[in-house]
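Notes for the structure review
Single-letter residue listing:
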Amino acid sequence: MNNIGKAIKLDVLSVMPYMTVKNLVVLVALGSFYVLLLKTPIMSVVMTQIFSLMFATYPFMVGDQAGIDPLFKIMGIKSDDVVSGRYLLAFLLIVSMLIVGIVMAALGSILYPSENLTSTLLSSAATMFIVSSLVVFIQYPIFFKMGYLKARTIGMMPFFLIGIAIFAAGRLSFKLQNLVAYVMQHKYIFIFALLAFWCLAFFVSIVLAKKFYRQRDF
Amino acid sequence: MMNKIEVVNLNKEYPAFQLKDISFGIPKGYVTGFIGKNGAGKTTTIKSILSMINYKGTILIDGKNTKETKYHQEVGVVMDDSFLAKDWTAKHVNSAMKVGYDSWDENRFFQYLGEFNIDKDLKVKELSRGMKIKLMLAIALSHSAKLLILDEPTSGLDPSMRDEFVGLISKFMKEEDNTVLFSTHITQDLEVIADYIVFIDSGEIVLAKEKDEFKNYFMILKGDAEYLEQIDEAAILGKKVGSHSCELLVKRETLPSVPEGFVEDVVTIDRIMVLFGKAA
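Residues numbered from 1 in each chain as written. Chains lettered and ligands numbered in written order. Predicted model: local features only at pLDDT ≥ 70, side-chain atom pairs only at ≥ 80, totals over all residues. Heavy atoms only, no water.

**As for the overall build of chain B**
When helices and strands are tallied, chain B shows 8 helices and 14 strands. Here the C-alpha radius of gyration of chain B, 21 Å, is about what a compact globule of 280 residues would show, namely 19 Å. Dimensions along the principal axes, computed over C-alpha positions, put chain B at roughly 65 × 40 × 40 Å. When the 280 residues of chain B are sorted by exposure, 52% land in the buried category. The contacts in chain B between residues at least 6 apart in sequence include a share of 69% that link residues at least 24 apart. Summed over all atoms, the accessible surface of chain B reaches about 12500 Å², with 46% contributed by carbon and sulfur. (Helix = DSSP H or I, 4+ residues; strand = E, 2+ residues; numbered from the N terminus. Rg over C-alpha atoms; globule rule 2.2 N^0.38 Å. Buried < 20%, exposed > 50% of the residue type's maximum accessible area, 1.4 Å probe, protein only. Contact = heavy atoms within 4.5 Å. Areas by Shrake-Rupley, 256 points an atom, 1.4 Å probe, with all protein chains shown as cover.)

**Things to note about the environment of Leu36 of chain A**
Residues and elements named next belong to chain A. For Leu36, the location among the structural elements is in helix α2 (residues 21-38). Along the sequence, Leu36 and Gly85 sit 49 residues apart, while their C-alpha atoms lie 37 Å from each other. For Leu36, the contacting residues outside a window of four places in its chain are Leu111 and Tyr112.

**A few points about α2 of chain A**
Residue and element names in this part refer to chain A. Spanning 18 residues, α2 covers 26 Å between terminal C-alpha atoms, matching the ideal 26 Å at 1.5 Å per step. Every buried residue of α2 is accounted for by Asn23, Leu27, Gly31 and Val35. Here the buried residues of α2 occupy an arc of 100° about the axis, which is enough to place them on one side. Exposed side chains of α2 directed beyond 90 degrees from the buried face belong to Val21, Lys22 and Val25. Packed against the buried residues of α2 are α3 (43-66) and α5 (79-111). One or two positions beyond α2, positive phi appears at Lys39, with a value near 55°. (Expected span 1.5 Å × (residues − 1). Arc of directions from axis to C-beta.)

**Side note on unusual backbone geometry**
All names here are of chain B. Located in the positive-phi region is Ser51, a residue other than glycine, with phi close to 60°. On the secondary structure map, Ser51 appears in the loop between α1 (42-49) and β4 (56-61). In this model, Asp62 sits at a positive phi of 50°, which is unusual for a non-glycine residue. Along the chain, the position of Asp62 falls in the loop between β4 and β5 (64-65).

**Some remarks on the sheet that holds strand β13 (residues 245-251) of chain B**
Residues and elements named next belong to chain B. Here 4 strands make up an open sheet; going across it, the order is β12-β13-β11-β14 and the pairing antiparallel. Each edge of the sheet is formed by a strand with only one pairing partner; in this case those strands are β12 (236-241) and β14 (262-265). Along the sheet, successive strands turn relative to each other by an average axial angle of 25°, direction set aside. Pairing of strand β11 (residues 218-224) with β13 involves 7 bridges; the strand directions are antiparallel. Bridge pairing in β13 links Met219 to Val250. (Pairing = 2+ DSSP bridges. Axes fitted to C-alpha atoms, helices over the stretch in contact; angles between N-to-C directions.)

**Section: helix α5 (residues 159-172) of chain B**
Residues and elements named next belong to chain B. End to end, α5 covers 20 Å across 14 residues, agreeing with the expected 20 Å (1.5 Å per residue, within 8%). Looking only at α5, the buried set comprises Met161, Arg162, Phe165, Val166, Leu168, Ile169 and Phe172. Viewed along the axis of α5, the buried residues span an arc of 155°, placing them on a single side of the element. α5 presents Pro159, Ser160 and Asp163 as exposed residues on the side facing more than 90 degrees away from its buried surface.

**Some words on the pattern of salt bridges**
Oppositely charged side chains may form a pair once their charged atoms are brought near each other. All names here are of chain B. Counted according to the given criterion, the structure contains 21 salt bridges over all chains. One salt bridge in this structure joins Glu204 and Lys20, with 4.0 Å as the shortest N-O distance. Linking Glu204 in strand β10 (residues 204-210) with Lys20 in strand β2 (residues 17-27), this pair joins segments that are 184 residues apart in sequence. A residue is classified by how much of its surface remains accessible, and Lys20, at 34% relative accessible area, is partly exposed. Among the ionic contacts, a cluster of salt bridges with common partners joins Lys4, Asp62 and Glu74. (Salt bridge = Lys/Arg side-chain N within 4 Å of Asp/Glu carboxyl O.)

**So, the domain arrangement of chain B**
Residues and elements named next belong to chain B. As far as domains go, chain B holds domain 1 (3-202) and domain 2 (217-275). Domain 1 and domain 2 are separated by 35 Å when their C-alpha centres are compared. Listed per partner, the contact involves 9 residues of domain 1 and 5 residues of domain 2. Between domain 1 and domain 2 lies a buried interface of about 660 Å² when both sides are counted; carbon and sulfur atoms form 72% of it. For domain 1, the biggest contributors to the area lost against domain 2 are Thr187, Glu191 and Phe199; these three give 56% of the whole. If you look at where domain 1 meets domain 2, you find 0 salt bridges. At the junction of domain 1 and domain 2, the tally comes to 2 residue pairs in polar contact (both at pLDDT 80 or more). Of all the secondary-structure elements, those providing two or more residues to the side of domain 1 that touches domain 2 are α6 (188-193) and β9 (196-201). The class makeup of the residues in the side of domain 1 that touches domain 2 is 4 nonpolar, 3 polar and 2 charged. (Domains from an automatic or database assignment. Buried area = accessible area lost by both parts, 1.4 Å probe. Polar contact = N/O pair within 3.5 Å; in protein donor to acceptor, adjacent residues only side chain to side chain. Nonpolar A, V, L, I, M, F, W, Y, C, P; charged D, E, K, R; others polar.)

**Focus: the pairing of β2 of chain B**
For a regular strand, side-chain orientation follows a simple rule: the groups alternate between the two sheet faces. Residue and element names in this part refer to chain B. In terms of strand pairing, strand β1 (residues 3-14) meets β2 through 8 bridges, oriented antiparallel. By the bridge assignment, Asn3 is partnered in β2 with Pro27. Here β1 hands over to β2 after 2 residues, the two strands then running antiparallel side by side.

**Quick look at the sheet that holds strand β8 (residues 179-184) of chain B**
All names here are of chain B. Pairing is mixed across the open sheet formed by 6 strands, whose spatial order is β6-β7-β8-β3-β9-β10. Two strands close off the open sheet at either side, each with one partner strand: β6 (75-78) and β10. Looking at each pair of strands side by side, their axes are set apart by 15° on average, direction ignored. Examined bridge by bridge, strand β7 (residues 147-151) and β8 share 5 bridges and lie parallel to one another. Across the sheet, the residue bridging to Leu148 is Val180, located in β8. Its contacts with the sheet place helix α4 (residues 129-140) against β6 and β7, and it is angled at close to 180° to β6. Lying over the sheet, α5 contacts β3 (31-35), β7 and β8, oriented at roughly 160° with respect to β7.

Below, the structure is given as structure tokens:
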């Protein structure tokens, strides 16, 4: 097994004791609650993504509390492999929780049928994937530099930015409608620009995370 | 003699402490005691050897630079802290080690747990310090390690546990090529098992020698405080002066014979550490 694979498996093992049935019940209950409250099955996709982002911070949390980072070093797993492994695990978590969210949304659609369910679900899943991964891209370098406990507050920054973006979108709804219309006219350019931005954000994030983690002493 | 570990011009700087260009070797096939007071630089040196911290200098294991070679698989480590997730049970630990070590022997691991009376269902956080150390030792001995690096493993253990621990190290040393680096400030353990001693003080290596040579390098003198003035201050490496008596640590070769008013006392590693650098 290569070292990235080892790092992922060790991360999974380290968070395993916290992946309890209670967590699953809370996830399903909250997802269902918001679907019922807002009468839209898409809410379950949003809820599962919030959980995936929470789970994505667990390896840092356990690492900080148990001082588990030195274990990677003792086993000869290089810092860069730990970082790559953790980004891969975050993607796996985001994708698997998206699948859970989509399944829950499909079940929710029995109560609240929608005409374009498939296309709405797919576009929502794609948007949520991009938003969630961008949150990871901001959080991870900070966690790798400072550790989870010290960076917990700063790590909330992406959610603060999302809040501002939602607020701004509400205030500028008229201009936003024009923007959406413009985007729809130039759909492919927009998708290309978004993908390019995502790749750039990923590259900058992982390069910074590797640099920061290499500099840390344990 | 071939060195298992070669530390060359190692430097590490912290705001309040510095390893100052230290160099020494750890002979292959022997137990080397790494001694020094708390804060002398033992753990920093060991962490450098294990690549747990960034440093300047060169560290070779079996002649290969640690920054360019994979050497961790054959190193067993017992440190002050366990580095295991607090909510792991022995079964989780076994799964994690199976992932991390290519030659992990789970039968041997569980056999050690049985020998050490460690309950497999207890979480790491529920184990006593002594049990955690034993768990780490069980890990260190279950992946065919050729080199054991032990950082203060016996501090906090009761005498019977310490004796048991020393016994296990002796058993490990029955394999001809196995090597142990044993850092401690409890020097009684080293009197029993160490072949070589490396002495570090304030981030500098004071002396690295075979154990008997190491002890023979020093002389401990006890005598009346009024005779203290007749000894050249430069020859004194440390002293403890009471109202009437005094105890001195000197370099043996600086004194041709025991000075008048003094008697030579038995040199122990413990007394060397206590007296070295002491000003009064």
